[in-house]
Amino acid sequence: MLDEDGLTDEPIDDVTPSAIEANNGAVLPDAETEGDAFGGQQAITEQQSHSEQGEVQDNDMYFINSSVTQPQKDNDGQNAYISYLVETEVSIAILLITDSTHLSNNPVFQSTKFVVRRRFSDFYFLYQVLLNDFPACAIPPLPDKQRLEYLKGDRFGLDFTMKRASSLSRFLKRLSLHPVLKKAKIYHIFLETHDWNSYKQHLKLKGTAESSSDGVADALINAFKTASVQNPEFVEIKERSDKLDENISRIDRIFNKILKRYTDLEQDYFDFSIQIRKLAELEPDLEVPFIKFSDGLNDLSLGFQNLKTFLDNEYIISLKDLEHYITAIKNLLRLKDQKQIDYEALTDYLDKSVAEKNLILSGGGSNFFTNKFEELRGVNHDLARRDRLNKLENKIENLTKEVANAKDVCEQFEKQTLHDIQYFESIKSVELKSTLGDLADNNIKFYQDLIDKWTKIEEELKK
Amino acid sequence: MPYIAIEDVTTVKDRGHTAIAYVIQYGTSQVVRRYSDFDTLRKALVQLLPTVVVPHIPEKHSVMKYFLNPINAKNDIKVIAKRKRLLTVFLQRCYMIPQVRECVVFLKFVDPGVRWADVLASPPVSILPSSNLLAPPLCPTKPSPLHLLLPVPHSTSINNFKPREEDKQIDTRFKDYERVFKVYRQLTGDLTKSIKRQKRHFKGMVKDLGELGAYYNAFSLEDTYNMSFGIEKTGQAIDINYINSEAFAFKIMTTLEEPIFDFHQSSTVVLNVLKFRRLKEIQLFIVETTIRRRQARAESLQNAQEQVNRLSEVLRRNAESSPTIAEAVRRLDKGESAKISPLSKMFNAQSKSDDIVTMTDRERATEVEQIQKELVKLEDCHAVVLKDIEQVNTAVDENCTQQFLQFQKQWRALMQDFTESLLIWLKDNLKAWQDAKDEINKMQVHGSS
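Reading the values: the criteria
Residues numbered from 1 in each chain as written. Chains lettered and ligands numbered in written order. Predicted model: local features only at pLDDT ≥ 70, side-chain atom pairs only at ≥ 80, totals over all residues. Heavy atoms only, no water. UniProt positions renumbered as here; feature names shortened; annotations may be inferred. Pairing = 2+ DSSP bridges. Helix = DSSP H or I, 4+ residues; strand = E, 2+ residues; numbered from the N terminus. Axes fitted to C-alpha atoms, helices over the stretch in contact; angles between N-to-C directions. Contact = heavy atoms within 4.5 Å. Buried area = accessible area lost by both parts, 1.4 Å probe. Salt bridge = Lys/Arg side-chain N within 4 Å of Asp/Glu carboxyl O. Polar contact = N/O pair within 3.5 Å; in protein donor to acceptor, adjacent residues only side chain to side chain. Nonpolar A, V, L, I, M, F, W, Y, C, P; charged D, E, K, R; others polar.

An unreviewed UniProt entry annotates chain B as PX domain-containing protein originating from Cyberlindnera jadinii. UniProt's Subcellular location (unreviewed entry) comment on chain B is quoted here verbatim: "Endosome membrane". According to its UniProt record, chain B has this under Sequence similarities (unreviewed entry): "Belongs to the sorting nexin family."

Going by the annotation in an unreviewed UniProt entry, the name recorded for chain A is Sorting nexin-4, with Cyberlindnera jadinii given as the source organism. Reading the Sequence similarities (unreviewed entry) entry of the UniProt record for chain A gives the comment "Belongs to the sorting nexin family."

Right under this line is the structure:
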């Protein structure tokens, strides 16, 4: 099934140079190793060799930093869609030669900016290409297609598109942190080119649907098989990802409850503020304190609103995105198991054939009735036996190759999966650090702003 | 002001039942009183001091509540703690009001040597008139006999009542009080509801935060060492938020819910005092109207007599020339009344004047005499009520103003208390999140880039 994936290299090769030339200033380093690595199995070895290099010495001295913002509605009417502003800054390290022999240890960064507009289907296209090109990677997932929003007609609503923008931003961030995916040419083109539409049309994704349906069939056939020998490392990885998944979804659930509380409190303090304002009319002597107090309560209400918006549009989305990524990792693990099951099935088959051959060689492998039957039909025993032996030997020869091949694939896949899980861990920690940081920042802002305001109110009240 | 507060809760035996009682620390002495004692004290004070805004006590259990939450130890502890808090406020406020502080009933209440049941069974409590409208407003235990003659207006008559011309100005003043305290009662009632909601939502959030903190802590255990500390600190920040918010939810109750409900109840008390003043005014109105009516009656009786006298004189003069008239005069002298023509009835629509016309001279004379006597008493009553109303107006005006000042003081205190609690909550939470942020910044992200 791996061989089916080499479908899309031709159009890419056709388009890539022109697309990159078309927008002069294509500074992204040419990921030449990946250029011809669209064949599945090749890709694995390439990726693997690459990442091995990467660990010894990081040659990838460039950083891609993208943001997705400003959702806007294009093309009014029937064909309206939302497009997002994708801004990318690429910093490339240039190692200055300080003297004739040594490279400076302090690279100088040169940065370039790209600004394009992309719609969700463009992201989806990018995702599909990556999915095909890098079967042994857990491609960071895109947000759900949220059919409910389509039905409700809310898909142009700011609330929905802002959430989506934050998810799409995270998708690009994850790609930029993935040592293999960050070099994918299609990713660079996506970020750079203004000719994306013509590029996309050249590159019709034929076969995508087929291969995915094949995957389903395979999975179904082997649904009840499990790999007999489990690498303990993978057992642990599986356990950890299950635990992580469980923890994240629990936290996600509670945050949704807290979101509801913030909404309630926002309303409560708004009401409270209004009622205190009415008292100001009743007590002219206390008008100023009452109004200040009422303003403070209104600020409290707004604070809860801001915190709620942050949780709703960013933090909870980030948890959801992490859950999706974990799902992708779990799927990858399942695919890895699949490879192992393939290999084990082949080995099994080979063993059986070898056993049969041995049986025939030792004079067995036939019984009285078959012998009699063959005699009746005038078949020469020896001839038939030799014929069967020949067939078996051919089969064994083929199978041995296949098994070796499958073993190779399986091992490579396993290695690549391990790498990818490492990448995931690394991306996850970068992400957790940043989302937890944001959570803390937003809370700090909430409390700090209110402390400033209420300290003034306290002074006012003491007058 | 000597120290006065409820220091402790104890139990007393009452006809075989054990009942909760409160230990009042007053100066150096300790007095044990039950909730029902406070209740009867307050009722007595309201009767004795109708113009005073007598502080209120916490409400009784509603039967419904008792039905829904039958005896429940935890609930009882809450109720008792709340009563202890609010009854202390009641005592301190009583002490702040000179009329109450000096009232003999109050003094006996805080006297450890006195059995409360005895106080209730003896004067002044036992000799209070049935309505405090029938007693001098500032000293109801010394009613004059005239007070007992006063009419007791029905409270529904308030709405139809129009003040006297000369009272219009002062009436507007009290109308303003009434309006303001009514708005107060309404607003603080709404506020109480909204604060209860706020407290409930806060408590809900506290519960969720507790759960969330626990999940983060579990999460931190799963992750790699470098990451786990930052996650754990986030969990800790949430835990601290949880504890702070729980304390704050309690503060919402003591700094907002109870004081604002207090405004609500005080407004109700003030409105009752204002209602008493209004009834007193109506009482005056009734006395005055009665006087006017009696005077009018006497006048019309006298007028009728005069008319009769004039008529008979004219008749006597004319009798000499007419035998018919002479006959009529003779009948008149005998005491027989003339047949009334239907025509005269038509013009005298008022039935009262009918009997005036048909009355004999002697009947008229006795009634006039009687009315004259009544009027003397009525004038005395009028004088008493006028004096009462003057006292009531001054006292109520003063007490309302006092209450306003008190409210203002309470609002300031309330806003300051809430601000203080809120700031503590904000600052502690800020600190927790700042600590978490420091730790998050230290998180080591493995892998390059």
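Attention shifts here to the sheet that holds strand E1 (residues 4-14) of chain B. Residues and elements named next belong to chain B. The strand order across the open sheet built from three strands is E1-E2-E3, with neighbouring strands paired in antiparallel fashion. Each edge of the open sheet is held by one strand with a lone partner, namely E1 and strand E3 (29-34). Each neighbouring strand pair of the sheet contributes to a mean axis angle of 30 degrees, computed without reference to strand direction. For strand E2 (residues 17-26) and E3, the ladder comprises six bridges, and the chain directions are antiparallel.

Let us look at the interface of chain A and chain B. Opposite the 64 residues of chain A that make contact, chain B presents 61 residues. Surface buried jointly by chain A and chain B totals about 5,800 Å² across both partners, of which 70% is contributed by carbon and sulfur atoms. Together, Leu282(A), Lys433(A) and Tyr447(A) form the three largest contributors to the area buried by chain A at its contact with chain B, with a combined 11%. Here chain A and chain B share four salt bridges between them. Among the salt bridges present, the one from Asp268(A) reaches Arg197(B), with a minimum N-O distance of 3.8 Å. Where chain A meets chain B, there are 15 residue pairs in polar contact (both at pLDDT 80 or more). Of all the elements in the fold, those that place two or more residues in the side of chain A that touches chain B are helix H10 (232-282), helix H11 (287-361) and helix H13 (381-462) of chain A. Looking at the side of chain A that touches chain B residue by residue, the class counts come to 36 nonpolar, eight polar and 20 charged.

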